[in-house]
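Geometric and topological summary
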Amino acid sequence: MSLAGLFLITFLVVHLTINILILFDDTRELFNQAAHFMLTNPLIQTFQWVLFAGFIIHIILGFVLQIQNWIARPMRYERKGFSETSYFSKFMIHTGVIVLIFLGLHFANFFFKVKFGPIEMIAYESGVYKDVGALVVALFKDIWYVIFYIISLLLLGFHLQHGFQSAFQSLGLNHKTYTPAIKLIGNIYSVLVTAGYLAIPIVIYFFK
Amino acid sequence: MDLTLRIWRQASAESKGQFVDYQVQNISADASFLEMLDILNESLVMKGEEPVAFDHDCREGICGACSLYINGRPHGPDRGITTCQMHMRNFKDGETIVIEPWRAKPFPVIKDLMVDRTAFDEIIQAGGFITVRTGGTLPDANALPIPRAAAEDAMDAASCIGCGACVAACKNASAMLFVAAKVSQFALLPQGRPEARERVQNMVAKMDELGFGNCTNTYACEAECPKEISVSHIARMNREFFGAKLSAPLKKE
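Notes on the structure in this doc start here. All residue numbers here refer to positions counted from 1 along the written sequence of the relevant chain. Note on labels: chains are lettered from A, ligands numbered from 1, in written order. Only residues with pLDDT of at least 70 are given local features in this predicted model, and only at 80 or more are side-chain atom pairs given and counted; all residues enter the totals for whole chains, interfaces and linings. Heavy atoms from the whole structure form the basis of all side-chain values; hydrogens and water molecules are not counted.

A closer look at the sheet that holds strand β4 (residues 73–74) of chain B
Through backbone hydrogen bonds, the strands of a sheet pair up, either in parallel or in antiparallel fashion. Residues and elements named next belong to chain B. Only strands that DSSP links by at least two bridges are regarded as paired with each other. Numbering of helices and strands runs from the N terminus, with a helix taken as a DSSP run of H or I at least four residues long and a strand as a DSSP run of E at least two residues long. Strand order in the open sheet formed by five strands is β2-β1-β5-β3-β4, and the pairing between neighbours is mixed. For this open sheet the edge positions go to β2 (18–24) and β4, each flanked by a neighbour on one side alone. In terms of strand pairing, strand β1 (residues 3–9) meets strand β5 (residues 96–100) through four bridges, oriented parallel. Counted as the bridge partner of I7 is I99 from β5. Where helix α1 (residues 33–46) meets the sheet, it contacts β1, β2, β3 (69–70) and β5, and its direction lies at approximately 80° from that of β1. The contact definition used throughout considers only heavy atoms, calling two residues in contact when any of these lie within 4.5 Å. Axis angles are defined between N-to-C directions and span 0 to 180 degrees, where every axis is a line fitted to C-alpha atoms and, for a helix, only to the segment in contact.

As structure tokens, then:
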């Protein structure tokens, strides 16, 4: 769970780095070039199977753990507990499921279209690429998609805020100085990553 | 002060329970919570009703017998104490207090607010000890020089009284803090080291087998533990567990 989670945490940074390129030029050349690289590089193409495995392991373990945890308390309390806890830790299954629904939509709307669908080509001085950027812009001009995207990504941010530090605790790392540092880095990471992802639909919807 | 008590009543392990409301009057703010329940029970006995069953023994916070999930928190609203150490000054006049038993599959209700915590004994039996006989002919444990930091840390873990508040507080009904405290107190001391690998694996296996939930690091256990045992012991147990899984087992005779 923790190892798969940390793996996905690093993946999110790579994914964001490429996404954000779309904001840097109006011709979408940078982004389309990066997308072309991701779609054609053999190393990336091989590694994407490892990535799928990471997702599947994390998702399946998440459900298994949650079901076991529900079974462990067959009778609920009348008065809900309000012990001092890591707040978002209470909602990992809820935020996780919304992110999973988003992931499904993201695959149907974007990933499969880019991989297998007919995509218009666009020519730059550097070469001719699939115009993946145009698909992104089209999606982010739809207000409902933008709203759903923003909600999902905010919930992903909450998921990460707990998950980041939780992964280290599960792996046995708990230290007087390092643990507060990990928590701080986790908070900074989840805010920056979420803000980065959210900036893209907002800028495209309002300014492109 | 006058209070409304909303208490879980269940005649036996097999019967179906329900909440019953009781009124208590003229309770002193200096009374302990269990004294308040004693007053209620006396009035019930006078009326010829069945008194409320709850666990208690030493009434000074060291035996681990008392429990009670009070207004959404194990051992009530105060920090770092057991139910028996809590006083009525923590409540307001006219307040409704909801009192429930620990809720977890491995802790079935025996009667009213009493639960069966044999599951914890079973975890201890799975490895929460050292196999050499102590006392008598062995050299005194205090004769072994132990670094102060390790002794302190082991003592903190050993302050666990096995009350089960960690399980009750955890949204997953996980027993990780209890098991971690027991694993830690031995793992930190030279007497416990030789059997540390077997101990952690056996105790964790027993904990899972008994049906306790999984740890998702919410840290509610640490917040509610009457002995304020740190979740750093859970991390130590995780380290011990991974280490034990990766290393060769001891030879069995």
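Remarks on unusual backbone geometry
Trans is the prevailing form of peptide bonds, just as negative phi is the prevailing case for residues other than glycine. All names here are of chain B. We note that N217 has phi near 55°; this positive angle belongs to a residue other than glycine. By the element assignment, N217 lies in the loop between α6 (196–209) and α7 (220–224). Three exposure classes are used, based on accessible area relative to the maximum for each residue type with a 1.4 Å probe and protein chains only: buried under 20%, partly exposed in between, and exposed over 50%. Judged by relative accessible area, N217 falls into the buried class, the value being 2%. For E228, which is not glycine, the phi torsion reads 50° and is therefore positive. In this fold, E228 is placed in the loop between α7 and α8 (232–246).

Focus on the packing of aromatic side chains
For this analysis, a ring pair means two rings from Phe, Tyr or Trp (six-membered ring only for Trp) whose centres lie within 6.5 Å, classed as stacked if their planes differ by under 30 degrees, edge-to-face if by over 60, and tilted for the remaining angles. Under the defined criterion, the tally for this structure stands at 30 aromatic pairs over all chains. Taking 4.9 Å as the distance between ring centres and 75° as the angle between the ring planes, the aromatic pair formed by F140 of chain A and Y149 of chain A counts as edge-to-face. Residue classification places F140 of chain A among the buried residues on the basis of a relative accessible area of 6%. Ring geometry for Y145 of chain A versus Y149 of chain A: centroids 6.3 Å apart, planes at 40°, classification tilted. Of this pair, Y145 of chain A and Y149 of chain A both sit in helix α6 (residues 143–170), four residues apart, which is roughly one turn of that helix. The two residues Y145 of chain A and Y149 of chain A agree in class, both being buried. Taken together, the aromatic side chains of W49, F52, F107, F111, F112 and F116 of chain A make up a single cluster linked through ring pairs. Placement of a positive charge over a ring is assigned whenever Lys NZ or Arg CZ falls within 6 Å of the ring centre and within 35 degrees of the normal to the ring plane. Over the ring of W8 of chain B we find R103 of chain B; its NZ or CZ atom is 4.3 Å from the centre of that ring.

A look at helix α4 (residues 92–116) of chain A
Residues and elements named next belong to chain A. The term bend refers to the angle at a residue between two fitted axes, each drawn through seven residues, those ending there and those starting there. Along its length, α4 shows its largest kink, about 45°, at F107. Within α4 the residues assigned to the buried category are M92, I93, T95, V99, F102, L103, H106, N109, F110 and V114. Those residues of α4 hidden inside the fold are in contact with α1 (2–20), α2 (29–40), α3 (42–72), β2 (127–130), α5 (132–139) and α6.

Observations regarding the pairing of β1 of chain B
Residues and elements named next belong to chain B. The buried fraction of β1 amounts to six of the seven residues, a majority that puts the element mostly inside the structure. As defined by bridge partners, β1 adjoins β2 across seven bridges and the pair is classed as antiparallel. By the bridge assignment, L3 is partnered in β2 with V24.

A short note on the pattern of salt bridges
When charged atoms on two side chains of opposite charge get close, those side chains can pair. Residues and elements named next belong to chain B. Think of a salt bridge as a Lys or Arg side-chain nitrogen and an Asp or Glu carboxyl oxygen that are within 4 Å of each other. Evaluated as defined, the whole model comprises 15 salt bridges over all chains. For D38, the salt bridge is made with R59, and the minimal N-O distance between the two is 2.8 Å. With a gap of 21 residues between them, D38 in helix α1 and R59 in the loop between α1 and β3 connect regions that are remote in the sequence. Here D38 falls in the partly exposed class, since its relative accessible area comes to 27%. Salt-bridge contacts for R236 lead to D153; the nearest nitrogen and oxygen are separated by 3.0 Å. Residue R236 is found in helix α8, and its partner D153 is found in helix α3 (residues 148–158); the two are separated by 83 residues along the sequence. For D153, a relative accessible area of 24% corresponds to the partly exposed category.

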